[in-house]
Amino acid sequence: MTDITVIGAGMAGLVCAQQLTQTGYSVLVIDKSRGVGGRVATRRLFDTQADHGACYLKPKGEFSKRLVTLLSQKGDLEVWTNTLHVKENSSSLTANITSSLPYTAPEGMNVIAKFLAQGLQIHRGQRVNKITINSQNQWHLTSETNQEFTAPSLVVAIPAPQAMMLLESLPGNLFDNKFREKLRSVEYYPAITVMAGYAESSQPEWKAITFTQNSVLGWIGLDSSKRKNSVQPHFVIHSSADFAHKNFDSENLQEVGKEILKNAAAEVNLPWLNNPQWMQVHRWRYAFPKTPLQQQSLPAETPSPLVFCGDWCGGNLIESAILSGIAAAEHINSKLQQRELPGINFFDAL
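These remarks concern the structure in this document.

Conventions and cut-offs
Residues numbered from 1 in each chain as written. Predicted model: local features only at pLDDT ≥ 70, side-chain atom pairs only at ≥ 80, totals over all residues. Heavy atoms only, no water. Axes fitted to C-alpha atoms, helices over the stretch in contact; angles between N-to-C directions. Helix = DSSP H or I, 4+ residues; strand = E, 2+ residues; numbered from the N terminus. Left-handed = near helix turned anticlockwise from the far one by under 90°. Contact = heavy atoms within 4.5 Å. Nonpolar A, V, L, I, M, F, W, Y, C, P; charged D, E, K, R; others polar. Pairing = 2+ DSSP bridges.

1. Brief notes about the packing of helix H1 (residues 11-23) against helix H8 (residues 318-335)
No. 1: Here H1 crosses H8 at 40 degrees, and the two axes come no closer than 7 Å. Where H1 crosses over H8, the two elements pack in a sense that is right-handed. Residues Met 11, Ala 12, Val 15, Cys 16, Gln 19, Leu 20 and Thr 23 of H1 touch H8, and the partners they reach there are Ile 318, Ala 321, Ile 322, Gly 325, Ile 326, Ala 328, Ala 329, Ile 332 and Asn 333.
No. 2: Looking at the contact of H1 with H8 residue by residue, the class counts come to twelve nonpolar, four polar and no charged.

What follows is the structure in structure tokens.
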């Protein structure tokens, strides 16, 4: 039996698990996916990669800056551009020169998660669908494949609506109404993402465009500009939240993707965007926290240590997820032996 189980191998879960593991606790991470990283996701297809989740990382705090420094030294991250464009309605593009530079990964943004997963005990492909607390006040988890896990302490590092569903299997009196209201208050924007590649050799001058008032489009990035020696262009396009909400459960996702491409072609004046050589479409039910909590983690007053974390605590970006994972580790440690956490130094051991 492990000391602590972490549900979710996204950024918050991985950072939390590393902090606790390097402090000396026995930690098990469980995730429903075959990989790690959550929305820091990269798909490998047609002899290239496409970042269909988080597009880039802008370091702000000491932890994310240290992470970027280490991965840049390893050659895993590099500055993408100093200019990100914005388009409002039918207006022309506005070039925003940013002082906070966006970093991307030539091999895909998922290298960040793989770096943080080093040395951790991770059970992949296990969706936890039931949590109970036994007579010894230990957390007992059951997966959809009937795998069982037990630990005295639990960290839930998944989107708040999914965490809320897990609470349904626990006694109603274990959490007060205020706690449930906080968790229930977190809502998400959905997104539908198109990855599309082209035989066209010409490429636009811009790297990324954010659409602020478009009914179909949210963001488009020249994803091939992140890759080494890329010859043919490919793009990643995120829909607007409204469009995703209306079309999320469509039975014909390819047609939805074609509509996104049609609008993108018109908006950026590249007619050939409407005729991809290849295309894949992905749904993100929980793309961006719409109403994040104004705290870095959500501890529960339960007989055994339990804390919820994720980018929905304190913000909605990678930076928020990192800080939330650290806050969750601090809470668990305070309830156990109160050892000295490694803090920013945990990067040095990876």
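Next comes the rest of the write-up.
2. Thoughts on the sheet that holds strand S1 (residues 4-7)
No. 1: An order of S9-S2-S1-S13-S20-S19 is seen for the six strands of this open sheet, with the pairing classed as mixed. The two strands at the open ends of the sheet, each matched to only one other strand, are strand S9 (121-123) and strand S19 (298-300). Going across the sheet, the axis of each strand differs from the next one's by a mean of 20 degrees, ignoring polarity.
No. 2: The sheet contact formed by strand S2 (residues 27-30) and S9 spans three bridges and is parallel. Directly across from Val 29, in S9, lies its bridge partner Ile 122.
No. 3: Taken strand by strand, helix H5 (residues 177-184) contacts S19 and strand S20 (306-308), and its axis lies near 150 degrees from that of S19.

3. Describing the sheet that holds strand S14 (residues 188-197)
No. 1: Here seven strands make up an open sheet; going across it, the order is S7-S6-S15-S16-S17-S14-S18 and the pairing mixed. For this open sheet the edge positions go to strand S7 (94-97) and strand S18 (278-289), each flanked by a neighbour on one side alone. In this sheet, neighbouring strand axes are inclined to one another by 20 degrees on average, regardless of whether the strands run parallel or antiparallel.
No. 2: For strand S6 (residues 83-87) and S7, the ladder comprises four bridges, and the chain directions are antiparallel. Along S7, the bridge assignment pairs Leu 84 with Asn 96.

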